[in-house]
Amino acid sequence: RGEELAPPPSAVKPLLAPLAVAGFACMNVMLLSVSIWSGADGSTRSLFHWVSAMIGVPAILYAGMPFFHSAWGALRHARTNMDVPISIGVTLATGLSLYETATGGAEAWFDGTLMLLLFLLAGRTLDAMMRDRARAGVDSLLSQAAPGAMVVQGGTVTWLPARDLVPGMVMRLAAGERLAADGTIVSGHTSLDQSLLTGESAPVALGEGDAVHAGTLNLDAPVDVRVTAAGRDTSLAEIARLMEASGQVRSAYVRIADRASRLYAPAVHTLAAVSFVGWMLAGAGAYHSAVIAIAVLIITCPCAIGLAVPVAQVVATGALMRDGIMVKDGSALE
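Residues numbered from 1 in each chain as written. Predicted model: local features only at pLDDT ≥ 70, side-chain atom pairs only at ≥ 80, totals over all residues. Heavy atoms only, no water.

Take a nonpolar patch on the surface next. Side chains of Phe 276, Val 277, Met 280 and Leu 281 sit close together on the surface and give an oily, nonpolar patch of about 380 Å² of accessible area. On the secondary structure map, Val 277 appears in helix 8 (residues 252-281). (Patch = residues over 30% accessible without salt bridge, like charges linked within 9 Å, V, L, I, M, F, W, Y side chains within 5 Å. Areas by Shrake-Rupley, 256 points an atom, 1.4 Å probe, with all protein chains shown as cover. Salt bridge = Lys/Arg side-chain N within 4 Å of Asp/Glu carboxyl O. Helix = DSSP H or I, 4+ residues; strand = E, 2+ residues; numbered from the N terminus.)

So, on to the packing of helix 3 (residues 65-76) against helix 4 (residues 83-102). For the pair helix 3 and helix 4, the least separation of the axes is 8 Å and the interaxial angle reads 120°. On the basis of their axis angle, the class for helix 3 and helix 4 is oblique. The way helix 3 lies across helix 4 gives a crossing that is left-handed. Within the contact between the two elements, helix 3 uses Phe 67, Phe 68, Ser 70, Ala 71 and Leu 75 and helix 4 uses Asp 83, Val 84, Ile 86, Ser 87, Val 90 and Thr 91. (Axes fitted to C-alpha atoms, helices over the stretch in contact; angles between N-to-C directions. Parallel < 35°, antiparallel > 145°, perpendicular 65-115°, else oblique. Left-handed = near helix turned anticlockwise from the far one by under 90°. Contact = heavy atoms within 4.5 Å.)

So, on to the pairing of strand 2 (residues 156-161). Alignment of strand 1 (residues 148-153) against strand 2, held across six bridges, turns out to be antiparallel. In the strand pairing of strand 2, Gln 153 is matched with Thr 156. Counted between consecutive antiparallel strands, the loop separating strand 1 from strand 2 contains two residues, among which Gly 154 sits at a positive phi close to 60°. (Pairing = 2+ DSSP bridges.)

Once that is clear, we can look at the nonpolar core. Counting 25 residues, the largest nonpolar core has Val 90, Phe 110 and Leu 114 as its most contacted members. The set of elements that each furnish at least two residues to this core consists of helix 1 (13-37), helix 2 (42-63), helix 3, helix 4 and helix 5 (110-142). With seven residues, the top contributor of residues to this core is helix 5. Excluding anything up to four places from it in sequence, Val 90 contacts Ile 60, Phe 68, Thr 113, Leu 116, Leu 117 and Ile 298. (Core = buried A, V, L, I, M, F, W, Y, C linked by side-chain atoms within 4.5 Å. Buried < 20%, exposed > 50% of the residue type's maximum accessible area, 1.4 Å probe, protein only.)

With that out of the way, let us pick up the environment of Ala 25. Of note, Ala 25 is situated in helix 1. According to the relative accessible area criterion, Ala 25 is buried, its value standing at 2%. For the pair Ala 25 and Met 115, spaced 90 residues apart in the sequence, the C-alpha separation amounts to 9.1 Å. Sequence-distant contacts of Ala 25, defined by excluding residues within four places in its chain, comprise Ile 55, Ala 59 and Leu 114.

The strand order 6-5-8 describes an open sheet built from three strands, whose pairing is antiparallel. Edge positions in the open sheet fall to strand 6 (204-206) and strand 8 (217-218), since each of these has one partner strand only. Direction of pairing for strand 5 (residues 190-193) relative to strand 8: antiparallel, over a ladder of two bridges. Bridging across to strand 8, Asp 193 finds its partner in Leu 217.

Bringing helix 9 (residues 286-299) into the picture now. Here helix 9 spans 20 Å end to end across 14 residues, near enough to the 20 Å set by a 1.5 Å rise per residue. Every buried residue belonging to helix 9 is among Ser 289, Ile 292, Ala 293, Ile 294, Val 296 and Leu 297, and all of these are buried. (Expected span 1.5 Å × (residues − 1).)

A negative phi angle characterises most non-glycine residues, just as the trans form characterises most peptide bonds. With a phi close to 60°, Ala 78 is a non-glycine residue in the positive phi region. Within the secondary structure, Ala 78 sits in the loop between helix 3 and helix 4. Using a relative accessible area of 73% as the deciding quantity, one classes Ala 78 as exposed.

Throughout the structure, instances matching the rule amount to three salt bridges. For the salt bridge of Arg 124 with Asp 83, the shortest nitrogen-to-oxygen distance reads 2.3 Å. With a gap of 41 residues between them, Arg 124 in helix 5 and Asp 83 in helix 4 connect regions that are remote in the sequence. With a shortest N-O distance of 2.9 Å, Asp 224 and Arg 172 are connected by a salt bridge. With Asp 224 in strand 9 (residues 223-229) and Arg 172 in strand 3 (residues 170-173), the pair connects residues that are 52 residues apart, well separated along the chain.

A word on the side chain of His 49. Position of His 49 relative to the elements: it lies in helix 2. Not counting the four nearest positions on each side in its chain, His 49 is found in contact with Ile 36, Thr 101, Gly 105, Ala 106, Glu 107, Ala 108 and Phe 110.

Moving on to the confidence of the model for the protein. Looking at the protein as a whole, its pLDDT mean stands at 81, while 84% of the residues score no less than 70. Confidence scores differ between elements of the protein, with helix 10 (residues 303-322) showing the lowest mean pLDDT of 70 and helix 2 the highest of 93. When the criterion is pLDDT under 50, residues 1-5 qualifies, and its contacts beyond four places in sequence or with other chains add up to 16 contacts. (pLDDT = per-residue confidence, 0-100.)

In contact at an axis separation of 9 Å, helix 1 and helix 2 are set at 165° when each is read in the N-to-C sense. The angle between the axes of helix 1 and helix 2 places the two elements in the roughly antiparallel class. The element helix 1 and its partner helix 2 pack so that their crossing is left-handed. Seen from helix 1, the contacting residues are Ala 17, Pro 18, Val 21, Ala 22, Ala 25, Asn 28, Val 29, Leu 32, Ser 35 and Ile 36; seen from helix 2, they are Arg 45, Phe 48, His 49, Val 51, Ser 52, Ile 55, Gly 56, Ala 59, Tyr 62 and Ala 63. Of the residues belonging to the contact of helix 1 with helix 2, the class tally is 14 nonpolar, five polar and one charged. (Nonpolar A, V, L, I, M, F, W, Y, C, P; charged D, E, K, R; others polar.)

Right, here's the structure in full:
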């Protein structure tokens, strides 16, 4: 039995709430931080730090979930990815900020941590939006197929939904209807608009024995068509799968970026550890050495390397799709 292609879930929706929380919390904590930067001291500074903590800590825990889940999933399989240094840096910066707040210290970095999460989430949301936009082309293509067809069974004509069509059935296609499945004309002659599949706008005259495809439009006269492929087996569904794959296939440059990322994360961890040990040996003390090590993790946050190439590839692929050009492999763009 033919199966319908279900549209993929949106990649943007899971990121919208964390992005909104990070943005709201970042703006409010930044307002409090401006007062501290302007010279607020003593009990006023301590109060603002505590208010920043009450806003910032829950927001960091929630907005950081996409990174924490990804990092934990990688570590569980004894691997590392770019979300590991991000998660470690965010966690340590938040913990150190809480320590500073509790001990009446001069500095707390809730604002910087939230801003980092905001920028990272904004980049990932942009990437997800581009992927959703490319997938919209797939949905638009699949919507061109008829939802069902009139099927000749035992001398009667019955309408069946496309998911119930199977090879061997005979569809009766009226003028002005689109085909719901691939097949072969067994009775009648007509002209079909096949531009959806071929790009050719001129009608094509077809008769008995000629193959026809789902999504094409019958222009002239009724014909009977014996189903040869339905659902996921049609040419239209295959094109949709190729379009979907074109937004997912990783090109050579994307693979290079992925390999660089696998080397990048351990290198950043090592650099942060060396910074901590080096400053400890130099007599800076555990607190100051920890601040420097955390700064290394935060400053070297690998935002661009993981987003630039995929976003560029997805944007280009989506633009070409809208112009009627299907990119089957991202390496074609190189």
